[in-house]
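# Examining the three-dimensional arrangement
One letter stands for each residue in the lines below.
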Amino acid sequence: MIQIINDNVDYFEFDKSNRTKVVYGAGNITRKYHTYLGDIDFICDKKSEEIKVIDNIKVYSPDILIQKREKYVIILCVKSKDHRKEIIEELSNMKIDAVVFDFFENKSFNLYHEIEYKQKAYKIEKVNLVCQDEAWILKKFAIKMREELEQRGITAQISQLPDPDADINHFIAHHSYMPIRSFNDTLMITHVDSLNKLKLIKHQMKVAKMAICMSKETMDWLTINGVPREKVCYINPAQDGIIKPRKIVLGITGRNHVDIDHRSRADALLDICRNIDSHYFEFKIMGDGWDIIVDKVKTMGFSVAYFNQFDYEEYIRLMPSLDYYLYWGFDEGSMGFLDAVAAGIGTIVTPQGYHLDVKGGIDFPCSTIDDFIEVLQEIQKKREKKVKAVEKWTWNRYVDKHLEVWEYILGDERSIFSNQHRYRDGIYSVLRVNS
């Protein structure tokens, strides 16, 4: 009679004192691992005539089990599950006294079974967003995520409680989560500003699948302080994409003397406008004689607030409203330059006359129109760079990154490969160390 030992019995604690210890199978598994099994009396294999001995342990045909008529403890070291089933049937037919441990199935041997660590992947069809906070900002996260998920054909709901029927329960934010039972829960981590919050998160992560921080800094701090690294990631928050940058206001004051002596070189403004972007700049001009130039500048897409007569009250309001004061004339200096410096605004002017006598008054000295263009293009590039810094921080991408994390914790690892090198956060903050 043979007895198949289940997982509850530990091979190493099992009393083998009155039994002959046998390994069944003389393949690579036995060659690699037999030393872990303690003293082995002999090995059984149908190819015993070819193998004969492994590390001084004799290899016999399985028939020896009948011949010896002893009590055996047999460890099946055969990789193929179907083959192991056949061997068990053969041993049963031998009518021997044996207890059988399956090297691949019994947890005594602590083998890595991928299936135990990887859930069966399935499509996310329903997400429950748990948001108990009615405050504007957290509720906004829930509403925006629901909108994006529904656009993808995923059922999404905002509720006060977890939903056992949802594929994912995402808590906005973590403080409302109770780790009583797992419903594939992920937690939004907003900020951690006390040891009690850290202790709470560590307790919650005993059950929750993933803590999703808003920044790499918080993710790193949690992992340094004991939250399991494989259970923490970060996804940067989103912005609505509605707010546009305020245009940089360029100011010009003084009469256009082009019809008198050309000293203002008014046409230079057209050259400047051809080389900068109307999405980033607008003009305020005070002084007569600019009408034709202003009309041309407007046709180029620029907004222009034009005052064709000098008005002192309007002038003292206008000057502080500028970002930069422009002056490209060479005529000793501009009185508007002095007022611009007094207003604390930027100056892009010619380095001449009394301009030079104002210490620190000139921010960008320019002698040619190309100089003015170059300075304004650099100012434009800085603004563009700042705007583009969050250009991709959209709700669309924010939810895409959550879906990748959710798919991963549900067993679908395909998302790992879809957006490599496009961003550092999301699933990639779990799977690699970011510099």
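Look up a bit, the structure's there.
Computed from a prediction, not measured in an experiment: that's the story for all the values here. (Residues numbered from 1 in each chain as written. Predicted model: local features only at pLDDT ≥ 70, side-chain atom pairs only at ≥ 80, totals over all residues. Heavy atoms only, no water.)

What follows covers the pairing of strand 9 (residues 155-159). Summarising the sheet, strand 8 (residues 126-130) and strand 9 pair through five bridges and their orientation is parallel. Its bridge partner being in strand 9, N128 is matched across the sheet by Q157. (Pairing = 2+ DSSP bridges. Helix = DSSP H or I, 4+ residues; strand = E, 2+ residues; numbered from the N terminus.)

This part is about the nonpolar core. Counting 31 residues, the largest nonpolar core has I124, V127, L149, I172, Y398 and W406 as its most contacted members. W406 has contacts with I124, V127, M145, L149, I168, H170, T186 and I212, leaving out every residue within four places of it along the chain. Counting 30 residues, the second-largest nonpolar core is a separate cluster that includes I272, V304, I369 and L376. (Core = buried A, V, L, I, M, F, W, Y, C linked by side-chain atoms within 4.5 Å. Buried < 20%, exposed > 50% of the residue type's maximum accessible area, 1.4 Å probe, protein only. Contact = heavy atoms within 4.5 Å.)

Here E148 lies in helix 6 (residues 136-151). Classification of E148 as buried rests on a relative accessible area of 12%.

A few words now on the sheet that holds strand 2 (residues 20-24). One open sheet holds the seven strands; their spatial order is 1-7-6-2-3-5-4, and the pairing between them is mixed. What marks the edges here is a single partner per strand, and that holds for strand 1 (2-4) and strand 4 (53-54). By the bridge criterion, three bridges tie strand 2 to strand 3 (residues 42-44) in an arrangement that is parallel. Residue pairing across strands places Y24 opposite C44, the latter belonging to strand 3.

The subject of this paragraph is the side chain of H170. With respect to the helices, strands and loops of the structure, H170 is situated in strand 10 (residues 168-171). Judged by relative accessible area, H170 falls into the buried class, the value being 0%. Polar contacts involving the side chain of H170 include one to the side chain of T186, which spans 2.7 Å. (Polar contact = N/O pair within 3.5 Å; in protein donor to acceptor, adjacent residues only side chain to side chain.)

What follows concerns the sheet that holds strand 13 (residues 232-234). Sheet architecture is open: six strands sit in the order 9-8-10-11-12-13, paired in parallel fashion. Looking along the sheet, the strands with just one partner apiece sit at the ends: strand 9 and strand 13. Here the average twist between neighbouring strands, direction ignored, is 25 degrees. Pairing of strand 12 (residues 210-213) with strand 13 involves three bridges; the strand directions are parallel. Among the inter-strand pairings, A211 is bridged to a residue of strand 13, identified as V232. Running at roughly 165 degrees to strand 13, helix 8 (residues 216-224) makes contact with strand 11 (185-189), strand 12 and strand 13 of the sheet. Each of strand 8, strand 10, strand 11, strand 12 and strand 13 touches helix 14 (residues 395-409); the most contacted strand, strand 12, lies at about 160 degrees to it. (Axes fitted to C-alpha atoms, helices over the stretch in contact; angles between N-to-C directions.)

This brings us to the environment of P245. Positionally, P245 belongs in the loop between strand 13 and strand 14 (248-253). Given the relative accessible area of 30%, P245 is considered partly exposed. Taking the C-alpha atoms as reference points, P245 and D288, separated by 43 residues in sequence, lie 30 Å from one another. Leave out the neighbours within four places in its chain, and P245 touches Y280, R383 and V387.

Before going further, it helps to spend a moment on the packing of helix 6 against helix 14. Two elements in contact, helix 6 and helix 14, have axes separated by 9 Å at closest approach and are oriented at 80 degrees. As summarised for this structure, helix 6 and helix 14 are arranged roughly perpendicular, according to the angle between their axes. In this structure, helix 6 uses K140, F141, K144, M145, E148 and L149 to contact helix 14, whose residues at the interface are W395, N396, Y398, V399, H402, L403 and W406. A per-class count over the contact of helix 6 with helix 14 returns eight nonpolar, two polar and three charged. (Parallel < 35°, antiparallel > 145°, perpendicular 65-115°, else oblique. Nonpolar A, V, L, I, M, F, W, Y, C, P; charged D, E, K, R; others polar.)

Glancing now at the environment of R19. Relative to the elements of secondary structure, R19 occurs in the loop between strand 1 and strand 2. Through-space distance from the C-alpha of R19 to that of V99 is 9.2 Å; in sequence the pair is 80 residues apart. In this view, R19 contacts F14, D41, K71, Y72, V73, D97, A98 and V99; residues no more than four positions away in its chain are not counted. A polar atom in the side chain of R19 sits 3.3 Å from the side chain of D97.

Taken as a whole, the second largest pocket encloses approximately 400 Å³ of empty space. Forming the boundary of the second largest pocket are 13 residues, of which Q239, I243, K244, P245 and V387 lie nearest the centre. Residue classes in the lining of the second largest pocket are distributed as five nonpolar, four polar and four charged. (1 Å grid on protein atoms, 1.4 Å probe; cavity = no way out; pocket = protein on both sides within 12 Å on 5 of 7 lines; lining within 4 Å. Points joined across faces, edges and corners; volume = space filled by probe spheres on them.)

Further remarks concern the pattern of salt bridges. Taken as a whole and judged by the stated rule, the model has 17 salt bridges. Among the ionic pairs, R84 bridges to D102, the shortest N-O distance being 2.8 Å. You can see R84 sitting in helix 4 (residues 81-94) and its partner D102 sitting in strand 7 (residues 97-102), a full 18 residues away along the chain. One salt bridge in this structure joins R84 and E105, with 3.3 Å as the shortest N-O distance. Of the two residues, R84 sits in helix 4 while E105 sits in the loop between strand 7 and helix 5 (114-117), which places them 21 residues apart along the sequence. Residue class for R84 comes out buried when judged on its relative accessible area of 3%. (Salt bridge = Lys/Arg side-chain N within 4 Å of Asp/Glu carboxyl O.)

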